[in-house]
Amino acid sequence: FNENWIDAEPRSGKVGGAFCMGVRRGESRILANYSPSFSWVSTLAHELGHAYHNLAEEDRTMIQAGATPMTLAETASTFCETILRKAALKTVGAEEQLVILEGSLQDAAGTIIDITSRFLFEQSVFERRRDRELSADEFNSLMFEAQKATYGDAIEESTLHPYMWAVKGHYYSMDYAFYNYPYMFGMLFGLGLYAQYEQDPDAFRESYDDLLSSTGMADAADLAGRFGIDIRSKEFWVGSLDVVCEDIATFEELVAKSK
Ligand SMILES: [Zn+2]
């Protein structure tokens, strides 16, 4: 903020959306198209999380920092968004809480549930493709089964989208196998870290910067293990989902009260 490193406002001729780019050791620039809404404050928190991650890697070489896998690249950004959301929920009135939660729960459902269905779909396609080519009907039924497996009875079967494989461009590129999976992993990993932070904020603060600075040097399981977190345990992921469940419970309470 002090150095004007954030190009915040929308202008004609400027590209849309938002991103953060590391420019030199520890330094980042952020592009945004800010408008006064919670969603844009949240996007800014997300991009500042990436900037903080870059800062944490200040003393790493380009090879050490640049090797951060996609699965860990969203760790700090998700963490920042979660801090902002939880803090905002404590300070605003019921009506605004509802708006904030509706948005974040929709995002979480998309990232956790829908991306899981795409993961299952790709897994079953690769398994079958080993032996032979697949027909469009088979793709449809694999997608349908994957969506049924992840959405359960949460949405009506008639509204499932068996042609999802036809509309997502990345399914057609060899370089983008399991393209969506890191977003789901990253979100749950960031939420899991938030759960750890809530349990013991002081201990977490001591190791957080160190964890971010090492994301290019070990895989997620190794890295988390160094900080006493076992991501191969079910408890860690249940802890991540509990952060979302807490929001669902608050959302349901607020809806019941507003009737
Ligand atoms: Zn991001």
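Residues numbered from 1 in each chain as written. Predicted model: local features only at pLDDT ≥ 70, side-chain atom pairs only at ≥ 80, totals over all residues. Heavy atoms only, no water.

### Considering the coordination of the zinc ion
By definition of the ideal shapes, a tetrahedral metal site with four donors has angles of 109.5 degrees and an octahedral site with six donors has angles of 90 or 180 degrees. Only His46 (NE2), His50 (NE2), Glu74 (OE) and Glu74 (OE) from the protein reach the zinc ion as donors, at distances of 2.1 to 2.7 Å. Taken together, the 4 donor atoms coordinating the zinc ion span angles of 51 to 139° at the metal, a pattern that classifies the geometry as irregular. Positions of the donor residues of the zinc ion, expressed as sequence spacing, correspond to H-x3-H-x23-E. Note that His46 is positioned in helix α1 (residues 38-56) and Glu74 in the loop between α3 (70-73) and α4 (75-91), a separation of 28 residues in sequence. Residue His46 is classed as buried on the basis of its relative accessible area, which comes to 17%. The class of Glu74 is buried, set by a relative accessible area of 18%. (Donors = N, O, S within 2.8 Å, 3.2 Å for Na, K, Ca; no water. Tetrahedral: all angles 85-135°; square planar, octahedral: opposite > 155°, others 65-115°. Helix = DSSP H or I, 4+ residues; strand = E, 2+ residues; numbered from the N terminus. Buried < 20%, exposed > 50% of the residue type's maximum accessible area, 1.4 Å probe, protein only.)

### Let's talk about a nonpolar patch on the surface
Where nonpolar side chains cluster on the molecular surface, the patch consists of Val15, Phe19, Met21 and Val23 and spans about 340 Å² of accessible area. Along the chain, Met21 falls in strand β2 (residues 19-24). Taking relative accessible area as the criterion, Met21 reaches 44% and is therefore assigned partly exposed. (Patch = residues over 30% accessible without salt bridge, like charges linked within 9 Å, V, L, I, M, F, W, Y side chains within 5 Å. Areas by Shrake-Rupley, 256 points an atom, 1.4 Å probe, with all protein chains shown as cover. Salt bridge = Lys/Arg side-chain N within 4 Å of Asp/Glu carboxyl O.)

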